[in-house]
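Structural features, examined
Chain residues, written in single-letter form:
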Amino acid sequence: MSDARPASAPETTPEERPVLVLDLGGQYSQLIARRVREAHVYSELVSYKLTPEQVAARNPRALILSGGPASVYVDNAPQIDSGLFELGVPVLGICYGMHLMAQDLGGKVERTGIGEFGKTEMRIDEGALFGKELAGEQTVWMSHRDSVTAAPPGARVVASSATTPLAAFEDPARGLYAVQFHPEVVHTTNGQKMLERFLHDVVGIEASWTPAAVIDEQVARIRAQVGSEKVICGLSGGVDSAVAALLVYKAIGEQLTCVFVDHGFMREGEAEQVVEAFRDHFKVPLVHVQAQDRFLARLAGIEEPEDKRHRIGEEFIRVFEDEAARLGKVRFLVQGTLYSDVIESGGTAGVAAKIKSHHNVGGLPDEMEMELVEPLRLLFKDEVRRVGEELGMPERLVWRQPFPGPGLAIRIIGEVTKERLDILREADAILQDEIRSAGWYRKLWQSFAVLPAIRSVGVQGDERTYAYPIVLRAVTSDDAMTADWARLPDELLEKISSRIIAEIRGVNRVVYDLSSKPPATIEWE
């Protein structure tokens with residue numbers, strides 16, 4: 001999303017006329033929805049099992065059929081209702097989606113014995129789908145063994161490669177378009193331009209879905225839902241709950257009270273940043289509960305990670321309940337549910353109907369009987385950050401790397417004590433300081449320190465030491481589903497290590513985690 005405000009408000013909101021991406025099981029299905037949104041067009045990922053009547057009820061501007069791992073002609077392969085092609089809605093089929101379109105409309109799909117994988121040179125002819133600026137030789141990303149060997153009657157072939165004579169076809173009169181390659185991946189040189197050509201020029205959708213438009217729409221929805229009732233929000237210090245709280249505050253002002261439970265497991269200075277931003281800068285009514293001793297006592301003698309998580313979550317609920325009771329009758333609870341949470345919890349089989357119940361405050365009990373306000377449930381993480389920027393949130397809050405709810409407590413491998421928390425917090429602060437100074441912070445998905453509760457022998461000065469190690473972890477990722485260890489420069493790692501050992505008593509060894517996900521996870525616990 002860009003920061004530009006649309007020149008004039010459309011008669012209907014983008015959310016009321018979405019582009020629907022039918023998920024046929026491809027690894028890039030979610031990426032297609034994200035790329036459509038990057039063209040400032042609202043999209044949703046939905047099940048391929050939707051009937052034409054269900055799709056028509058959503059009043060979509062266009063449909064996109066995703067890729068998939070199966071062959072369309074085998075038993076139990078995902079199939080769509082061919083009535084979708086008769087709705088009068090433009091349809092773009094990608095890879096497997098192209099094969100389905102061809103098969104259902106009278107074309108032919110076969111295993112030719114020659115597949116294509118990776119970067120491929122392709123010849124594109126000018127037409128409705130590919131304008132003059134996209135015609136000619138293009139580098140695209142292929143991943144297929146099956147091919148369309150005959151286009152549906154009435155369709156025109158508009159692209160080919162050395163081994164795939166029919167790499168794209170179109171039938172503008174029926175609003176049908178299909179490509180064998182993947183325009184959504186960055187390896188297709190002009191892939192985003194191709195998608196934008198389909199969305200803006202072929203379908204005629206305006207680029208009106210922007211952070212400013214999202215804010216205006218959500219403010220109106222929140223006011224309609226809440227009316228004059230009281231609302232409470234549990235701030236975790238993360239970007240999701242922070243942006244959700246600011247959106248609600250913009251809509252209803254002092255009807256909102258934020259409760260920030262400081263459990264003592266946050267990184268250096270982060271609790272103060274939350275209080276400064278919300279209470280002092282944005283003037284949001286804020287209850288700051290300092291419960292560090294209470295949480296530390298609950299973890300005394302506890303080493304098992306799931307037990308730590310459970311105890312922290314349970315204590316969070318108890319503290320939140322105490323503060324909510326002091327506010328009197330509160331009907332609404334703000335939750336920072338993201339669109340990725342919707343997909344993850346309900347999949348697309350339920351048409352994004354099931355919402356994950358992991359409240360920002362750790363899983364509130366049913367007896368609290370509060371109705372949820374979820375202003376971010378249509379947004380991916382990067383879109384939430386853009387909305388946060390539009391709302392004026394400080395850069396350090398907007399672009400804060402993902403941080404687990406239990407915080408540093410699950411980055412201490414073993415029992416959590418005040419001494420270990422102090423050591424880990426200081427080590428992590430040094431790591432973040434050097435990562436930022438070297439210009440690496442925004443390049444990384446996460447960077448953090450881990451303290452295993454073991455000691456090893458070392459020598460500092462003329463004395464033998466017996467102290468803790470610190471493990472450094474830095475990874476790159478797009479979505480945290482997979483991650484690779486970051487190739488930080490040797491001189492940066494050396495500087496971080498030297499500072500940690502020199503400045504922190506109780507540490508005599510620093511190591512760097514070279515594990516990717518999978519097989520490892522990003523966090524240690």
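Up top is the structure.
The following paragraphs examine the structure supplied in this document.

Calculation rules
Residues numbered from 1 in each chain as written. Predicted model: local features only at pLDDT ≥ 70, side-chain atom pairs only at ≥ 80, totals over all residues. Heavy atoms only, no water. Buried < 20%, exposed > 50% of the residue type's maximum accessible area, 1.4 Å probe, protein only. Helix = DSSP H or I, 4+ residues; strand = E, 2+ residues; numbered from the N terminus. Pairing = 2+ DSSP bridges. Contact = heavy atoms within 4.5 Å. Phe/Tyr/Trp six-rings, centres within 6.5 Å; stacked < 30°, edge-to-face > 60°. Lys NZ or Arg CZ within 6 Å of the ring centre and 35° of its normal.

Comments concerning the pairing of strand β1 (residues 19-23)
Extensive coverage of β1 is indicated by the burial of five of its five residues. Burial of the side chains of β1 extends over both faces: V19, V21 and D23 are buried on one face and L20 and L22 on the other. By the bridge criterion, four bridges tie β1 to strand β3 (residues 62-65) in an arrangement that is parallel. Within β3, the residue paired with V21 across the bridge is I64. Both β1 and strand β2 (residues 43-47) contribute to a ladder of five bridges, which runs parallel. Within β2, the position partnered with V21 by the bridge is L45.

Concerning helix α11 (residues 381-390)
Residues of α11 that are buried: E383, V384, R385, V387 and G388. At its buried positions, α11 is contacted by α1 (29-38), α5 (211-226), α6 (239-252) and α12 (395-398).

A few points about the packing of aromatic side chains
Scanning all chains against the criterion turns up eight aromatic pairs. Judged by centre distance (6.2 Å) and plane angle (55°), the rings of F278 and F282 are tilted. With a centroid separation of 5.4 Å and an interplanar angle of 75°, the aromatic rings of Y339 and F380 are classed as edge-to-face. Taken as a pair, Y339 in helix α10 (residues 339-346) and F380 in the loop between β14 (371-373) and α11 lie far apart in primary sequence, 41 residues in all. Among the aromatic residues, those joined into a ring-pair cluster are F265, F295 and F316. The ring of Y441 carries R436 above its face, with NZ or CZ at 3.8 Å from the centroid. Taking NZ or CZ as reference, K443 lies 4.8 Å from the ring centre of W440, over its face.

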